[in-house]
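Each chain, letter by letter, is given below.
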Amino acid sequence: MKSFKNHLSLVIALVSILFTIQVFTVVNRSIDAYKDKLTKNYSLIIVSQNKLLPRELKAKVSAIADVIELSPDSVIKKLNIKISKNNIELLKATLPRFYKLKLGKYPSPDEIKKIRTKLLEIQSITTVESFSATHDTIYNLLLLFKTVITVLAFAILIVTVLLIFKELRIWQFKHNERMNIMSLFGAPTWLRSAVLFRLAIVDALIASVLNFGIFSYIASSSWVSQQLNTIGIHIVVFNTVNDFLSGLVIAIIVSIFLAAFIVIGQKEEL
Amino acid sequence: MDKVIIANNLSLAYSSDDTIINKVNFSVDTGSFIFITGASGSGKSTLLKSLYGALKPIEGSLIVGGVELKSVSKKKLNFLRKHLGIVFQDYKLVKEWTIEKNIMLPLIINGYEKSVTQNQVDSLLKHVRLQHQVGKYPQELSGGEQQRVAVARALAHNPTVVLADEPTGNLDDYSSQLIWNLLEGANEQLETTVIVVTHHIPETMKVNYKHYHIESGGICEVI
């Protein structure tokens with residue numbers, strides 16, 4: 001029980017840090033996956049008087065990933081009941097050309113403005129339709145979501161750091177006496193602080209395993225899968241190797257920093 | 001005879017305007033048994049603290065076990081302390097360790113093998129009559145028992161010098177006698193130098209000892 005209590009306070013603080021970082025990572029992954037999905041569905045429409053070469057367009061605007069020429073047939077079909085075949089061909093020759101531009105990534109409103117300006121610099125292009133009203137709303141919504149999560153994560157991290165500093169003072173008080181006694185018997189610094197570092201590493205391990213357990217459960221939850229399917233994205237909620245190792249490294253760094261702080265701050269009693 | 005402690009014009013103080021020990025000269029022979037007496041606040045414990053490097057001289061020199069303590073490095077101080085056995089007035093036992101682990105502390109610091117360590121702890125626990133308290137923590141023992149653990153810890157690694165601050169203060173006759181027997185045994189059998197700060201020298205002492213008295217910042221031998 002006593003040993004459990006010794007570990008509990010630091011483990012809670014560490015789990016809180018790891019949980020916040022992982023939530024932040026999952027949100028970022030979700031936003032990126034959603035942006036990818038939007039990129040696939042999003043395109044600009046341009047109208048040109050002359051035929052345009054995809055190579056030239058891509059050279060002018062590097063963000064363009066694909067250029068698809070739209071056939072005027074579907075529009076003309078609706079008219080062909082009253083127009084002769086010859087006239088249809090004539091009409092086709094006089095109609096401007098329509099192109100759908102796919103982009104490599106989901107652009108910001110500023111990027112769209114730049115793309116639009118660059119495209120309009122091409123003399124034959126008369127119109128660029130970017131559907132900016134819908135795009136800007138979605139983009140701003142994503143941005144707002146990301147900002148809210150960042151602020152929230154930052155606030156939790158600050159509270160946790162304060163919690164850790166409080167814990168640091170308790171640890172300092174608790175371990176200083178033992179380290180002092182060991183010092184009076186000639187124990188070198190590494191031996192005096194060995195218990196502290198061992199405790200710190202064990203706590204970091206416990207916190208990482210707990211974090212692993214929590215997120216493995218969340219990742220396997222059908223509710224979470226359902227929510228992700230609803231918005232049409234597929235992400236890795238918890239990467240068993242990478243996320244666990246990065247969490248472990250962060251927890252070890254934080255707890256070793258804590259232990260080192262105590263060792264450096266140790267004052268010998270007279 | 002070799003000198004294990006040499007003090008020349010030694011002055012000690014906690015603050016610059018309050019000198020407690022003032023320019024004293026004394027030396028201690030290796031293997032001797034010394035009592036230091038004096039009134040409360042006379043500087044007995046202060047002098048003892050300076051012998052294990054917890055208080056540096058403000059003036060003069062103090063050499064313990066060949067180590068000059070006025071400008072000693074942390075490494076050299078650790079080296080000296082490994083060869084000292086200290087009994088503190090307030091015991092200074094590690095609360096979160098069992099009494100065996102407390103006694104083991106100097107043996108671990110001095111790098112003794114685990115088998116030697118365990119045998120030594122078992123033997124010392126028998127000597128201080130605490131073998132029935134194995135596995136207990138200091139706070140589960142009485143004051144007298146804690147003091148016996150502190151003495152056992154001080155003697156565990158067969159130190160060159162034992163420094164004891166009021167080792168029998170507030171103890172009953174039985175516990176006091178056990179402690180004196182242990183200190184006398186170490187002095188007689190292992191030629192350990194023993195320096196004891198006390199208010200009262202027991203009448204039952206079997207070994208030859210020297211008696212120093214501290215008064216008004218000075219120290220003199222009582223013959």
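Along each chain, numbering runs from 1 in the same order as the chain's sequence is written. The order in which chains are written sets their letters, starting at A; the order in which ligands are written sets their numbers, starting at 1. Confidence filtering applies because this is a predicted model: local features only for residues at pLDDT of at least 70, side-chain atom pairs given and counted only at 80 or more, and all residues used for totals across whole chains, interfaces and linings.

**So, the overall build of chain B**
Using the following cut-off: Note on conventions: DSSP H or I runs of at least 4 residues are helices, E runs of at least 2 residues are strands, and numbering of each starts at the N terminus. Note that the radius of gyration is over C-alpha atoms, with the globule rule given as 2.2 Å times the number of residues to the power 0.38. Counting other C-beta atoms within 10 Å of its own, a residue is labelled buried from 20 upward, exposed at 12 or fewer, and partly exposed in the gap between, with every C-beta atom placed from the backbone. A residue pair is marked as a contact if its C-beta atoms, positioned from the backbone, fall within 7 Å.
Along chain B, the regular secondary structure elements total six helices and ten strands. Taking 2.2 N^0.38 as the reference for a compact globule, 223 residues should give roughly 17 Å; the C-alpha atoms of chain B span a radius of gyration of 17 Å, in line with that estimate. By principal-axis analysis of the C-alpha atoms, chain B measures approximately 50 × 40 × 35 Å. Residue burial in chain B is summarised as follows: out of 223 residues, 44% are buried. Here the contacts in chain B between residues at least 6 apart in sequence split such that 68% fall between residues at least 24 apart.

**With respect to the interface of chain A and chain B**
Basically, it comes down to this: Here the nonpolar group is Ala, Val, Leu, Ile, Met, Phe, Trp, Tyr, Cys and Pro; Asp, Glu, Lys and Arg are the charged ones; every other residue, Gly included, is treated as polar.
Contact residues are listed per partner, giving ten residues for chain A and 15 residues for chain B. It is helix H6 (residues 132-184) of chain A that contributes the most residues to the side of chain A that touches chain B, four residues altogether. Of the residues assigned to the side of chain A that touches chain B, the class counts are eight nonpolar, one polar and one charged.

**A few points about the environment of isoleucine 206 of chain A**
All names here are of chain A. Residue position: isoleucine 206 is located in helix H7 (residues 189-220). As a C-alpha pair, isoleucine 206 and methionine 182 span 24 residues in sequence and 27 Å in three-dimensional space. Not counting residues within four places of it along the chain, the set of residues in contact with isoleucine 206 comprises His7 and Val11.

**Considerations on the sheet that holds strand S7 (residues 161-165) of chain B**
Residues and elements named next belong to chain B. Quick reminder of the rule: Here, any two strands with at least 2 DSSP bridges between them count as paired. Geometry is summarised by axes, namely lines fitted to C-alpha atoms with helices restricted to the contacting stretch, and by angles between N-to-C directions that run from 0 to 180 degrees.
Taken in spatial order, the six strands of this open sheet run S6-S7-S8-S3-S9-S10, and their pairing is mixed. Two strands close off the open sheet at either side, each with one partner strand: strand S6 (84-87) and strand S10 (218-222). Between one strand and the next, the sheet's axes are offset by a mean angle of 20°, whatever the strand orientation. Of the pairings in the sheet, the one linking strand S9 (residues 210-215) to S10 comprises five bridges and is antiparallel in character. The partner of glutamate 215 across the bridge, within S10, is glycine 218. Where helix H6 (residues 173-190) meets the sheet, it contacts strand S3 (33-38), S7 and strand S8 (193-197), and its direction lies at approximately 150° from that of S8.

**Some details on the pairing of S9 of chain B**
Within a regular strand, the side chains alternate between the two sheet faces. Residue and element names in this part refer to chain B. Where S3 lies against S9, five bridges are found, and the strand directions are parallel. By the bridge assignment, threonine 37 is partnered in S9 with histidine 213. Where S9 folds back on S10, the antiparallel hairpin that results is connected by two residues, among which serine 216 adopts a positive phi of roughly 50°.

**A few points about the domain arrangement of chain A**
Definition in use: The start and end points of each domain follow an automatic or database-based domain assignment.
Examined at the domain level, chain A breaks down into domain 1 (2-37 + 137-264) and domain 2 (43-130). In this structure, domain 1 of chain A and domain 2 of chain A have C-alpha centres spaced 51 Å apart.

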